[in-house]
Amino acid sequence: MRALNRHIRTFCAVLLCAAAPVGCMKWDYGTTEELQAPTSGLFITNEGNFQYGNATLSFYDPATREVQNEVFRRANGFRLGDVAQSMVIRNGIGWVVVNNSHVIFAIDVDTFQEVGRITNLTSPRYIHFLSDEKAYVTQLWDNRIFIVNPKRYEITGYIECPGMTMESGSTEQMVQCGKYVYVNCWSYQNRLLKIDTETDRVVGELEVGIQPTSLVLDRNGRIWTITDGGYEGSPYGYEAPALCCIDPDTFSVVRRFTFSLGDAPSEVQINGAGDRLYWINRDIWSMPVDDERLPVRPFVAYRDTKYYGLTVDPVSGEVYVADAIDYQQQGIVYRYSTDGELIDQFYVGIIPGAFCWK
């Protein structure tokens with residue numbers, strides 16, 4: 001349900017933003033605190049509720065089991081904005097993508113203080129760096145991927161995505177193999193795109209199934225995506241979802257694992273060694289990348305909650321699962337050992353959705 005819920009909430013927000021005479025978010029500056037993060041840890045982006053401007057950023061230290069909430073607001077004196085979508089770190093700078101505020105903030109990952117921002121984006125989802133001076137930004141409700149210069153915090157160009165309109169356009173997560181970037185097209189789409197980073201042009205398309213939700217790259221150099229199959233009554237269609245393995249050299253599906261109609265798998269992730277996959281499908285599931293069939297027993301069983309986000313510690317292999325609870329109160333993050341035993345749990349912000357390892 002995560003993909004469908006997020007789709008509905010984002011659609012409503014875009015309509016409201018379009019009707020507003022100014023941007024959806026105003027930054028009201030107030031007092032600040034001097035904060036200091038440890039050398040390593042986990043950032044959690046908490047989406048917040050659409051049009052409430054209550055997205056937040058949390059930081060968790062696995063060594064001490066201490067969590068700091070609302071670190072962006074406390075360090076900068078203003079709120080993060082409307083829907084914190086994702087975050088990546090490059091050269092000591094964290095790039096926080098805030099979807100419905102149409103902005104990407106650059107922050108110092110030690111002090112959480114802003115050092116710059118990219119504005120005038122349509123509805124940014126993810127950022128992928130090609131160099132210090134070039135990155136791609138995927139969009140919802142836009143048939144273009146934006147090209148930006150992170151050093152100057154400027155939009156420098158666009159990649160036109162075929163087969164999309166401004167209303168049905170959606171590009172999401174990205175992985176890179178050599179000079180090519182692969183991106184999944186989620187909302188009312190069924191494809192992966194292949195982009196030549198030297199020409200900034202789409203050079204290939206691959207149909208994988210209705211609404212591929214995420215992408216990872218394994219130790220064999222192969223790409224994995226998971227489709228959600230749409231939903232009953234969807235104008236785009238409804239089918240059994242699938243976990244797909246793609247050979248980037250031939251740009252073809254080499255393995256497909258089909259779920260039951262009505263399942264809602266999402267959030268495929270991979271461990272640091274690149275040899276084990278994890279995903280959400282009511283329970284939390286895990287599978288070696290070389291297995292030939294889906295597992296029959298979950299890694300972590302469903303516990304009457306709303307699993308919404310997932311990540312794997314790239315060093316320890318521990319698994320972190322975000323619980324959105326009721327989408328209104330503070331969410332919880334559960335930390336599990338490699339054997340699926342609960343190690344810790346802690347409260348973060350409203351609708352914890354994505355993670356970023358420091």
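Residues numbered from 1 in each chain as written. Predicted model: local features only at pLDDT ≥ 70, side-chain atom pairs only at ≥ 80, totals over all residues. Heavy atoms only, no water.

A. The overall build of the protein chain, seen in detail. Secondary structure summary: the protein chain contains two helices and 27 strands in total. Considered along the principal axes of its C-alpha atoms, the protein chain spans approximately 55 × 45 × 40 Å. Burial analysis of the protein chain (358 residues in total) assigns 58% to the buried set. Element-wise, carbon and sulfur atoms account for 46% of the exposed surface of the protein chain, whose accessible area totals about 14700 Å². Of the charged side chains in the protein chain, 31 are positive and 44 negative; the average position of the first set lies 1 Å away from that of the second. (Helix = DSSP H or I, 4+ residues; strand = E, 2+ residues; numbered from the N terminus. Buried < 20%, exposed > 50% of the residue type's maximum accessible area, 1.4 Å probe, protein only. Areas by Shrake-Rupley, 256 points an atom, 1.4 Å probe, with all protein chains shown as cover. Lys, Arg positive; Asp, Glu negative; His and termini not counted. Charge placed at Lys NZ, Arg CZ, Asp CG, Glu CD.)

B. Up close: the layout of surface pockets. Of the volumes computed, that of the largest pocket is approximately 990 Å³. Lining the largest pocket we find 32 residues, and of these M87, V88, Q173, Q269 and F355 sit closest to its centre. Sorting the residues of the lining of the largest pocket by element identifies β4 (84–90), β8 (124–131), β12 (174–177), β16 (212–217), β20 (266–270), β23 (307–312) and β27 (352–357) as the ones contributing at least two each. It is β27 that contributes the most residues to the lining of the largest pocket, five residues altogether. Across the lining of the largest pocket, the residue classes break down as 20 nonpolar, ten polar and two charged. (1 Å grid on protein atoms, 1.4 Å probe; cavity = no way out; pocket = protein on both sides within 12 Å on 5 of 7 lines; lining within 4 Å. Points joined across faces, edges and corners; volume = space filled by probe spheres on them. Nonpolar A, V, L, I, M, F, W, Y, C, P; charged D, E, K, R; others polar.)

C. Summary view of the sheet that holds β12. What the four strands build is an open sheet, ordered β12-β13-β14-β15; its pairing is antiparallel. The two strands at the open ends of the sheet, each matched to only one other strand, are β12 and β15 (201–207). If you compare each strand with its neighbour and ignore which way they point, the axes differ by 25 degrees on average. Here β12 runs beside strand β13 (residues 180–184); their pairing, made up of four bridges, is antiparallel. Among the inter-strand pairings, V175 is bridged to a residue of β13, identified as Y182. (Pairing = 2+ DSSP bridges. Axes fitted to C-alpha atoms, helices over the stretch in contact; angles between N-to-C directions.)

D. Local environment of the pattern of salt bridges. Within this structure, the stated rule accounts for 16 salt bridges. Two residues, K358 and D110, come together in a salt bridge whose shortest N-O distance is 2.7 Å. Of the two residues, K358 sits in the segment after β27 while D110 sits in the loop between β6 (103–108) and β7 (114–118), which places them 248 residues apart along the sequence. Judged by relative accessible area, which is 22%, K358 ranks as partly exposed. Overlapping salt bridges bring together K179, D196 and E198 as one network. (Salt bridge = Lys/Arg side-chain N within 4 Å of Asp/Glu carboxyl O.)

E. Quick peek at the confidence of the model for the protein chain. Here the protein chain averages 92 in pLDDT, while 92% of its residues score no lower than 70. A low-confidence stretch, residues 1–24 (pLDDT under 50), is modelled with 49 contacts involving residues beyond four sequence positions or located in other chains. (pLDDT = per-residue confidence, 0-100. Contact = heavy atoms within 4.5 Å.)

F. How the structure looks around the state of the cysteines. Counting across every chain of the model gives zero disulfides. With no disulfide partner, C177 has as its closest neighbouring cysteine sulfur the one in C245, 11 Å distant. You can see C245 has no disulfide; the closest cysteine sulfur is in C244, sitting 8.9 Å from it. (Disulfide = S-S within 2.5 Å.)

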